[in-house]
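Residue-level listing of the chains:
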Amino acid sequence: GGVGAPGGCSMRPSSSPELGVLRAIVLLTALPNTTAVETLVKVMFPPVVEDAYNAMCLDATPAGYYLAEHPESTGWVIYLQGGGLCFTKEDCKNRTQTVLGSSKDWPPNMTDDSNVLASAEAGNPFGAFNKVWVPYGTGDCFTGTSRVNPHLGGLATTGHNVLNALVDHLINTTEFRKVTHVLFSGGSAGGIGVFHNVDWLADAVRTRANPNAIVKASPQGGYFLPRGLMLYKEFAAGVRIPLDIAATYYVQWLEGGYLNPTCAAALGRKKAQCWDVDVLQRFIKTPLFVAQNQIDSEQVAYQLECSLCSYDPNGTAKDFMAKYKTLAIASLRKFLTDADGTDRVVWAPSCYKHCENLCMAHAQSPAVIDGVSYAAGLGAWFFNGTGSGAAYIQGCPNGELLCTPICGNGCADAPGSPGGTADPPTPPN
């Protein structure tokens, strides 16, 4: 069992008609993993689509997606693969020699046995849905629109264009034109892409396919960055200069990509700040269920450069992680208070991990907060609205830094898929 939110602030009702559905999903997530694997087949954009939409990988090889159709369903899951952000010419050029920058070595199939693309037997509430996995070959968090990026040696950063092509290609080649429900998800860089593209996707689905379609999203480990963070070396030196906004201006200058138009219009000359999820979230109107670890190991160890941070830190590293946790929780709570009528939920275990414990399978994602697992909470919220507005933010007694008993491990954007996110080593709990 999990520890309640600080101050007993959970907004989940103690009893309601929907709790029967919630308990059913909890039981489903605990079922043995027998035939949990879903296999998706590669679909490449033909040259006419690639050219019409400027949708391609960094090295200008064709983009595409992986698909598993369930014709009896009008529900769809679209998942964006993670894999970091390339932000120098050398880094992006190196990516073109991998599946994170080129499609030339993408395999014919990919599989998922634990996340939102898995079968129902994995404990996935969306197991019966049609499933789309979008491989991450553009290095731009799915925001780029440049066929020739002058800041990155002429490489193509067209992640947003890929999504534009995807919607039309699905409408023209599958039963997507009959869609009634969409879950939009992604991990790490893919989770960032969900925040940036979710309102656009909702509009595209409703204007091109079904004006009454229900579109909701669940980014996993994509809240980059909580407001007020600084590099570890600056923190250790007593300097408190926030990194987030400065980094945002650089990335937006580099990518020159898609920005949420409502955010961009509101901020005007400061619209580059819309690349920062903590700024952007105020303007998102599509329902969101955010899954985020309270201390994100990717952000802490890599973006903020704390090599001494770990599950059992000491001294300044422990102080730094405590500071990160305080700022992260404050940002997640503000995400809820900024909702302005938008349906939002936060599910945040007290773990030092990135995305490897955020998925549907109970074995890989066993954490429970206020009696609710990620899979159970997401399913009940998506289908029944249960928990709308809830802050499933695990509180720790006696000022403990990390307290979730079993965080989980082994989740991936798609086990067996090309590429994947690189996470710092963490204990296999």
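**Here we look at the overall build of the chain**
Inference 1: When helices and strands are counted, the chain shows twelve helices and 14 strands.
Inference 2: Taking all 429 residues of the chain together, the buried fraction comes to 59%.

**Looking at the pattern of salt bridges**
Inference 1: Per the counting criterion, the structure on display carries eight salt bridges.
Inference 2: Arg-208 is the partner of Asp-168 in a salt bridge, and the nearest nitrogen-oxygen pair spans 2.9 Å. Of this pair, Asp-168 sits in helix H4 (residues 159-173) while Arg-208 is found in helix H5 (residues 189-208), placing the two residues 40 residues apart along the sequence.
Inference 3: The class for Asp-168 is buried, based on a relative accessible area of 18%.
Inference 4: Relative accessible area serves as the criterion here: at 32%, Arg-208 is assigned to the partly exposed category.
Inference 5: Asp-340 is paired through a salt bridge with Lys-285; the nearest N and O atoms lie 3.8 Å apart. Taken as a pair, Asp-340 in the loop between helix H11 (315-337) and strand S10 (344-348) and Lys-285 in the loop between helix H9 (277-280) and strand S8 (288-291) lie far apart in primary sequence, 55 residues in all.
Inference 6: Members of the salt-bridge network, linked through shared partners, are Glu-175, Arg-177 and Lys-178.

**What to know about the pairing of S8**
Inference 1: Neither face of S8 is exposed, since Leu-288 and Val-290 on one face and Phe-289 and Ala-291 on the opposite face are all buried.
Inference 2: Sheet topology note: the strand S7 (residues 214-220)/S8 ladder contains two bridges and is parallel. Among the inter-strand pairings, Ala-217 is bridged to a residue of S8, identified as Leu-288.

**Observations regarding unusual backbone geometry**
Inference 1: Phe-224 connects to Leu-225 through a cis peptide bond whose omega is -15 degrees.
Inference 2: Inspection of the secondary structure puts Leu-225 in the loop between S7 and helix H6 (232-236).
Inference 3: Phi is positive for Asn-54, which is not a glycine, with a value near 50 degrees.
Inference 4: As for its position among the elements, Asn-54 is in the loop between helix H2 (47-53) and strand S2 (64-68).
Inference 5: One non-glycine residue, Ala-60, adopts positive backbone phi at about 75 degrees.

**Describing the state of the cysteines**
Inference 1: Under the counting rule described, the total for this entry stands at six disulfides.
Inference 2: What pairs with Cys-263 in a disulfide is Cys-274, and their sulfur atoms sit 2.1 Å apart. Around the S-S axis, the bridge from Cys-263 to Cys-274 shows a dihedral of about -100 degrees and counts as left-handed. With Cys-263 in helix H8 (residues 261-267) and Cys-274 in the loop between H8 and H9, this pair connects stretches of sequence that are eleven residues apart. The pair formed by Cys-263 and Cys-274 is uniform in burial state, with each residue classed as buried.
Inference 3: Sulfur-sulfur distance for the disulfide between Cys-396 and Cys-403 comes to 2.2 Å.

**So, the packing of H4 against H5**
Inference 1: With their axes 11 Å apart at the nearest point, H4 and H5 run at an angle of 25 degrees to one another. As far as their axial angle goes, H5 and H4 are roughly parallel. The hand of the H4/H5 crossing is right-handed. For the pair formed by H4 and H5, the contact residues are His-160, Leu-163, Asn-164, Val-167, Asp-168 and Ile-171 on the first element and Asn-197, Trp-200, Leu-201, Ala-204 and Arg-208 on the second.
Inference 2: Split into classes, the residues belonging to the contact of H4 with H5 amount to six nonpolar, three polar and two charged.

**A look at helix H12 (residues 374-384)**
Inference 1: Summarising burial for H12: nine of the eleven residues are buried, a large majority.
Inference 2: All of the buried residues in H12 are Tyr-374, Ala-375, Ala-376, Gly-377, Leu-378, Gly-379, Ala-380, Trp-381 and Phe-382.
Inference 3: Phi turns positive one or two residues past the end of H12, at Gly-385, with a value near 75 degrees.

**Here's the deal with the confidence of the model for the chain**
Inference 1: When pLDDT is averaged across the chain, the result is 88; 88% of the residues are at 70 or more.
Inference 2: Residue range residues 1-34 is modelled with pLDDT below 50. Its contacts to residues more than four positions away, or to other chains, number 62 contacts.

**Some remarks on the packing of aromatic side chains**
The relative placement of two aromatic rings is captured by the distance of their centres and the angle of their planes.
Inference 1: For the coordinates displayed, the defined rule picks out 19 aromatic pairs.
Inference 2: An aromatic cluster is built from Phe-126, Phe-129, Phe-382 and Phe-383, whose rings are joined through pairwise contacts.
Inference 3: Between the NZ or CZ atom of Lys-216 and the centre of the ring of Phe-382, over which it lies, the distance is 5.6 Å.

**As for the sheet that holds strand S5 (residues 130-134)**
Inference 1: Across the sheet, which stays open at both edges, the ten strands sit in the order S4-S1-S2-S5-S3-S6-S7-S8-S10-S14 with mixed pairing between neighbours. Only two strands of the sheet have a single partner each, and these edge strands are strand S4 (109-112) and strand S14 (391-393). Strand after strand, the sheet turns through a mean of 20 degrees between neighbouring axes, direction not considered.
Inference 2: As judged from the five bridges shared by strand S3 (residues 75-80) and S5, these two strands associate in the parallel manner. The residue bridging Tyr-79 from the neighbouring strand is Trp-133, located in S5.

What counts, and where the lines are drawn
- Residues numbered from 1 in each chain as written.
- Predicted model: local features only at pLDDT ≥ 70, side-chain atom pairs only at ≥ 80, totals over all residues.
- Heavy atoms only, no water.
- Helix = DSSP H or I, 4+ residues; strand = E, 2+ residues; numbered from the N terminus.
- Buried < 20%, exposed > 50% of the residue type's maximum accessible area, 1.4 Å probe, protein only.
- Salt bridge = Lys/Arg side-chain N within 4 Å of Asp/Glu carboxyl O.
- Pairing = 2+ DSSP bridges.
- Disulfide = S-S within 2.5 Å.
- Axes fitted to C-alpha atoms, helices over the stretch in contact; angles between N-to-C directions.
- Parallel < 35°, antiparallel > 145°, perpendicular 65-115°, else oblique.
- Left-handed = near helix turned anticlockwise from the far one by under 90°.
- Contact = heavy atoms within 4.5 Å.
- Nonpolar A, V, L, I, M, F, W, Y, C, P; charged D, E, K, R; others polar.
- pLDDT = per-residue confidence, 0-100.
- Phe/Tyr/Trp six-rings, centres within 6.5 Å; stacked < 30°, edge-to-face > 60°.
- Lys NZ or Arg CZ within 6 Å of the ring centre and 35° of its normal.

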